[in-house]
Amino acid sequence: QVQLVESGGGLVQAGGSLRLSCAASETISGPRAMGWFRQAPGQPRGLVATITTGGTATYADSVKGRFTISGDNAKNAVNLHMTSLKPEDTGVYYCNAEYGASWSSLLYNYWGQGTQVTVSS
């Protein structure tokens, strides 16, 4: 079973920066995209940023211009560089890997265990 191992969360003051990293414990077969999702207390988990194996990045409107996602297909890894952090960026950040067979439209997901990011005002 593939595991996604996350690192880099922590406590930072507003305006500061953090870098999150995530790597798969073994090769993912049929990878399509990797990304990060965020869940704040009492809120559903939502998209922060994703990047396809072809290099196309998608960002939530709230993080555009502040966060940058990058991927390493060879290592099944993804990083998220977060700058100009705001208190509303606080939450548990989950790494995600989407995969599926090339001949099928069905997609599946691996999830990391989550890493806490806290931005103080």
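See the structure shown above.
Please read all numbers here as calculations on a predicted model, not as lab measurements.

Thresholds, definitions, all that
Residues numbered from 1 in each chain as written. Predicted model: local features only at pLDDT ≥ 70, side-chain atom pairs only at ≥ 80, totals over all residues. Heavy atoms only, no water. Helix = DSSP H or I, 4+ residues; strand = E, 2+ residues; numbered from the N terminus. Rg over C-alpha atoms; globule rule 2.2 N^0.38 Å. Contact = heavy atoms within 4.5 Å. Areas by Shrake-Rupley, 256 points an atom, 1.4 Å probe, with all protein chains shown as cover. Pairing = 2+ DSSP bridges. Axes fitted to C-alpha atoms, helices over the stretch in contact; angles between N-to-C directions. Disulfide = S-S within 2.5 Å. Buried < 20%, exposed > 50% of the residue type's maximum accessible area, 1.4 Å probe, protein only.

Visitor: Could you give me a rundown of the overall build of the chain, with the residues and numbers involved?
Guide: Helix and strand counts for the chain come out as zero helices and 11 strands. The secondary structure elements of the chain, listed N-terminal to C-terminal, are β-β-β-β-β-β-β-β-β-β-β. Taken over the C-alpha trace, the chain has a radius of gyration of 14 Å; the compact-globule value for 121 residues is 14 Å, and the two agree within 12%. The principal-axis extents of the C-alpha atoms in the chain amount to approximately 50 × 25 × 25 Å. The contacts in the chain between residues at least 6 apart in sequence include a share of 57% that link residues at least 24 apart. Working note: accessible area of the chain is about 6,400 Å², and carbon and sulfur atoms make up 50% of it.

Visitor: Lay out the sheet that holds strand S1 (residues 4-7) in plain terms, naming residues and giving numbers.
Guide: Read from one edge of the open sheet, four strands run S1-S3-S8-S7, paired in antiparallel fashion. Each of the sheet's edge strands pairs with one partner strand only, and the pair in question is S1 and strand S7 (67-72). Looking at each pair of strands side by side, their axes are set apart by 15 degrees on average, direction ignored.

Visitor: Provide a residue-level description of the state of the cysteines, including the pertinent values.
Guide: A full pass over the atoms with the stated rule returns one disulfide. Here Cys-22 connects covalently by a disulfide to Cys-95, the sulfurs 2.0 Å from one another. Residues Cys-22 and Cys-95 share a disulfide whose torsion about the S-S bond is about -85 degrees; that sign makes it left-handed. With Cys-22 in strand S3 (residues 18-24) and Cys-95 in strand S9 (residues 91-99), the pair connects residues that are 73 residues apart, well separated along the chain. Each member of the pair Cys-22 and Cys-95 is classed as buried.

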